[in-house]
Amino acid sequence: WGLNSFGQLGTGSPDILGLAPTQVIGLTGVTALGAGASFSMALKSDGSVWTWGANSSGQLGNGSSTQKSNVPVQVQGLTGVIQIACGATHGVALTAAGKVSTWGNGTYGQLGSGSSASANVPAEVTGIAGAKTVAAGLHHSLSSDAIATVPDPSGGSGGGGNDGAEGIRSLIAAVSKLSFQEGVKNSLLAKLRNAEAGLVAGRSGEACGALGAFMNE
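As the structure is a prediction and not an experimental result, all values here were calculated from the model.

S.K.: Help me understand the environment of Lys68 in this model?
M.R.: The residue Lys68 is located in strand β6 (residues 68–74) in this model. Residue classification places Lys68 among the partly exposed residues on the basis of a relative accessible area of 46%. Considered as a pair, Lys68 and Gly58 are 10 residues apart in the sequence and their alpha carbons are 9.5 Å apart.

Following this line, the structure appears as structure tokens:
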């Protein structure tokens, strides 16, 4: 429901607005969803990825030059996907083998291809192996080979307050090595350091908030 000017609701309707929830056409077995600026993405239990909405930068990933689709289309060449992420106009997918693929707008280098070219089909990001998680911001992408675990506020994780801190530190190290706009990089690192400090001090709520801010930047 909501704005549908590019078909991003996936209902097949030409209406500009959807004022009530309506089922997306033709999708079953969905395990995860993502929403970009004007396009949407779904991961199915069979490891396939589907998109709909705007396609101005190839963000539908189906090789088409059409400007939009108001029904889901399958992203080309992706199998065994276990996690997805949406930037404003680009997509990121992680496979069970730990490989990362990207497609869509590459203007800011967010595809990780070494260039600023856009792509209307996925391409594997070189130099990444054994990734465990991926994330996408407005115009950037991230992957990590470790998953941080935030402790239970009740102390059920053992009460030490440090569970997950090593995972956060690995993210800090990974982000530090990335090459993109310095202001964005410093902002991301600050949020990760706040999350680490919260974990070490046993303030899990603070850590969760900082991690949420990091993932949503």
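What follows continues from the structure just given.
S.K.: Teacher, can you tell me more about helix α2 (residues 182–200) here?
M.R.: Helical geometry: 3.6 residues make up each α-helical turn, so side chains three or four residues apart lie on a common side. Taking 1.5 Å per residue, 19 residues should reach 27 Å; α2 reaches 27 Å between its end C-alpha atoms and fits that length. Those residues of α2 that sit buried are Lys185, Leu188, Leu189, Leu192, Ala195, Glu196, Gly198 and Leu199. Phi for Gly202, located one or two positions after α2, is positive at around 80 degrees.

S.K.: Quick question: what am I supposed to make of the sheet that holds strand β10 (residues 119–124) here?
M.R.: The strands making up a sheet are joined through hydrogen bonds of the backbone, oriented either antiparallel or parallel. Spatially, 4 strands are ordered β7-β8-β9-β10 in an open sheet, and the strand pairing comes out antiparallel. Edge positions in the sheet fall to β7 (81–86) and β10, since each of these pairs with one other strand and no more. Put simply, the sheet's adjacent strands are angled 15 degrees from each other on average, direction ignored. Relative to β10, strand β9 (residues 100–104) is paired through 3 bridges, and the arrangement is antiparallel. Of the residues in β10, the one forming a bridge with Thr102 is Ala123.

S.K.: How should I be thinking about the pairing of strand β8 (residues 90–95) in this particular structure?
M.R.: Put simply, side chains in a regular strand alternate between the two faces of the sheet. Taking burial as the measure, the 6 residues of β8 include 6 buried ones, the bulk of the element. Neither face of β8 is open: one carries His90, Val92 and Leu94, the other Gly91, Ala93 and Thr95, and all of them are buried. By the bridge criterion, 5 bridges tie β7 to β8 in an arrangement that is antiparallel. Bridge pairing in β8 links Ile84 to Ala93. Counted along the chain from β7 to the antiparallel partner β8, the turn is 3 residues long. In terms of strand pairing, β8 meets β9 through 5 bridges, oriented antiparallel. Following the sheet pairing, Leu94 is matched in β9 by Val100. The hairpin formed by β8 and β9 contains 4 residues between the paired strands, and Gly98 there has a positive phi angle of roughly 80 degrees.

S.K.: What is the right way to read the sheet that holds strand β5 (residues 49–54) from this model?
M.R.: Read from one edge of the open sheet, 4 strands run β3-β4-β5-β6, paired in antiparallel fashion. Looking along the sheet, the strands with just one partner apiece sit at the ends: β3 (30–35) and β6. Neighbour to neighbour, the strand axes of the sheet diverge by 10 degrees on average, direction disregarded. Two elements, β5 and β6, share 4 bridges in a ladder whose sense is antiparallel. The residue of β6 that forms the bridge with Thr51 is Val73.

S.K.: Can you help me understand the nonpolar core in this one?
M.R.: The nonpolar side chains of a soluble globular protein tend to be buried, and buried together. Ile168, Ile172, Val175, Leu192, Ala195, Leu211 and Phe214 are the most contacted members of the largest nonpolar core, which has 14 residues in total. For this core, the secondary-structure elements that each account for two or more residues are α1 (165–176), α2 and α3 (204–216). Per-element tally for this core: the top contributor is α2, with 5 residues. With 11 residues, the next largest nonpolar core counts Val49, Val75, Val81 and Ile84 among its residues.

S.K.: I keep staring at a nonpolar patch on the surface and nothing clicks. Help me out?
M.R.: Together, Leu3, Ile16, Leu17 and Leu19 line one region of the surface with nonpolar side chains, adding up to about 450 Å² of accessible area. By secondary structure assignment, the location of Ile16 is in the loop between β1 (2–3) and β2 (17–18).

What counts and how
- Residues numbered from 1 in each chain as written.
- Predicted model: local features only at pLDDT ≥ 70, side-chain atom pairs only at ≥ 80, totals over all residues.
- Heavy atoms only, no water.
- Helix = DSSP H or I, 4+ residues; strand = E, 2+ residues; numbered from the N terminus.
- Buried < 20%, exposed > 50% of the residue type's maximum accessible area, 1.4 Å probe, protein only.
- Expected span 1.5 Å × (residues − 1).
- Pairing = 2+ DSSP bridges.
- Axes fitted to C-alpha atoms, helices over the stretch in contact; angles between N-to-C directions.
- Core = buried A, V, L, I, M, F, W, Y, C linked by side-chain atoms within 4.5 Å.
- Patch = residues over 30% accessible without salt bridge, like charges linked within 9 Å, V, L, I, M, F, W, Y side chains within 5 Å.
- Areas by Shrake-Rupley, 256 points an atom, 1.4 Å probe, with all protein chains shown as cover.
- Salt bridge = Lys/Arg side-chain N within 4 Å of Asp/Glu carboxyl O.

On their own, these measurements won't tell you what the molecule is for.
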